[in-house]
Amino acid sequence: MTTAATRSVVIEREIPYPPDKIWRALTEGVLIKEWLLDNNFEPVVGHRFNFRVKPVPNWNGLIDSEVLVVEPNKKLSYSWNTLGLETVVVFTLVATSGGTLVRMEQSGFPTDHEAAYRGANYGWQKFIGGLERVVAGLQ
Amino acid sequence: MQTAPDALFKSLADPTRRALFERLSRHGEQTVRMLTDNSGVSQPAVSKHLGVLRHAGLVRSRHRGRETHYSAQPRALAPLVDWMSYYSSFWHDRFDRLEALLKRMGQ
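Note that the structure is a prediction, hence the values are computed from the model and not measured. Position numbers for residues start from 1 in each chain and track the written sequence from start to end. Lettering for chains starts from A, numbering for ligands starts from 1, and both go in the order in which the items are written. Since the coordinates come from a predicted model, pLDDT governs what is reported: local features require at least 70, and pairs of side-chain atoms require 80 or more to be given and counted, while whole-chain, interface and lining totals use all residues. Side-chain measures here rest on the full set of heavy atoms in the structure, leaving out hydrogens and waters.

To continue, consider the pairing of strand β4 (residues 62-71) of chain A. All names here are of chain A. Direction of pairing for strand β3 (residues 48-52) relative to β4: antiparallel, over a ladder of 5 bridges. Residue pairing across strands places N50 opposite D64, the latter belonging to β4. Two strands make a pair as long as DSSP finds a minimum of two bridges between them. A run of DSSP states H or I qualifies as a helix once it reaches four residues; a run of E qualifies as a strand once it reaches two. Both are numbered from the N-terminal end. Counting the residues between successive antiparallel strands, the hairpin from β4 to strand β5 (residues 75-82) contains 3 residues, one of them, N73, with a positive phi of roughly 65 degrees.

All names here are of chain A. Within the secondary structure, S107 sits in strand β7 (residues 99-110). Placed 28 residues apart in sequence, S107 and S79 show a C-alpha to C-alpha distance of 9.5 Å. Among all residues touching S107, those that are not within four sequence positions of it are R7, S8, E86, T87 and V88. By definition in these notes, contact holds between two residues if any of their heavy atoms fall within 4.5 Å.

Take the pairing of strand β2 (residues 59-64) of chain B next. Residues and elements named next belong to chain B. As paired strands, β2 and strand β3 (residues 67-72) are joined by 6 bridges and run antiparallel to one another. When the sheet's bridge partners are listed, V59 is paired in β3 with A72. In textbook terms, the turn of a hairpin is the stretch between consecutive antiparallel strands, and for β2 and β3 this stretch comprises 2 residues, one of which, G65, has a positive phi near 65 degrees.

Bringing the pattern of salt bridges into the picture now. Between Lys or Arg on one side and Asp or Glu on the other, a salt bridge is scored when a side-chain nitrogen of the former is within 4 Å of a carboxyl oxygen of the latter. This structure, assessed with the given rule, holds 11 salt bridges over all chains. R13 of chain A is paired through a salt bridge with D96 of chain B; the nearest N and O atoms lie 2.7 Å apart. Note that R13 of chain A is positioned in strand β1 (residues 6-15) and D96 of chain B in helix α5 (residues 83-105), a pairing that runs across two chains. Judged by relative accessible area, D96 of chain B falls into the partly exposed class, the value being 42%. R48 of chain A is the salt-bridge partner of E66 of chain A, the closest N and O atoms lying 3.3 Å from each other. Of the two residues, E66 of chain A sits in strand β4 while R48 of chain A sits in strand β3, which places them 18 residues apart along the sequence. Whether a residue is buried, partly exposed or exposed follows from its accessible area with a 1.4 Å probe, protein chains only, as a fraction of its type maximum: under 20%, in between, or over 50%, in that order. A residue is classified by how much of its surface remains accessible, and R48 of chain A, at 61% relative accessible area, is exposed.

Moving on, we come to the nonpolar core. Grouped together as the largest cluster of nonpolar side chains are 39 residues, with contacts concentrated most on L36, Y78, W80 and F91 of chain A together with W91 of chain B. In contact with F91 of chain A, not counting residues within four places along its chain, are L26, W35, K74, K75, L76, Y78, R103 and M104 of chain A together with W91 and F95 of chain B. Counting residues in hydrophobic clusters, the runner-up holds 17 residues, among them V46, L50, V59 and Y70 of chain B. Residue types Ala, Val, Leu, Ile, Met, Phe, Trp, Tyr and Cys, when buried and joined through side-chain atoms within 4.5 Å, form a set referred to as a nonpolar core.

For Phe, Tyr and Trp, rings pair up if their centres lie within 6.5 Å, where Trp contributes its six-membered ring, and each pair is then called stacked (planes under 30 degrees apart), edge-to-face (over 60) or tilted (otherwise). If you walk through the whole model with that rule in mind, you get 14 aromatic pairs over all chains. With a centroid separation of 5.2 Å and 85 degrees between ring planes, the pair formed by F41 of chain A and F49 of chain A is classed as edge-to-face. F49 of chain A matches F41 of chain A in its accessibility class, with the two residues each being buried. Grouped by ring-pair contacts, the aromatic residues W35, F41, F49, F51, Y78, W80 and F91 of chain A together with Y87, F90 and W91 of chain B constitute a single cluster.

Everything listed is a geometric property; what it means functionally is a separate question.
Laid out in structure tokens, this is it:
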């Protein structure tokens, strides 16, 4: 058994809207689909749901998630597991004079990508299929 | 050699090229003729696909006698296994979309 060190992706942005409005965009399924991904999210701790993208060969297009924290207008967290990579996403909202400071941290990335890549959980085709989809979503 | 991820994606978007790359990864160096056998694809087509893979840095070729030998360069996949850079781009893009959505939502 090994203990893998992990790292995070952090995005911080001040958005010129109040926290309650941003909270709606983060927690209402129809709105989440508009900016993030198709989903069956419910703002209930313990709720298991999926983010869904179009399946590609060797990947069903599902991101498995569970709601971990729901503090209205303040903090939202869910797990984000796909293609053998288990991560946690946390949104934090802080009201500012100009709107809201929105912070997103996705943590759990293994530092040794090569080891993860060669791991038994996913073959490279599956991996490419998933990444391909992520990138397609960027366009 | 640095290859842009989108060049890698494009080169691997084709199932025949993925199969060729996988075959080279699995079985080591091979000639075009060896790769053409049992592939169900013509030799010129295989050569063309190998050219695309080579351009993306995924295969390397060397001449020996009359034949060209191809080998896989799995290291070229490195930009694709960097989850953090991918998710970083992903979330930046999604934040842009979030802001656009908030604007559309009105007051």
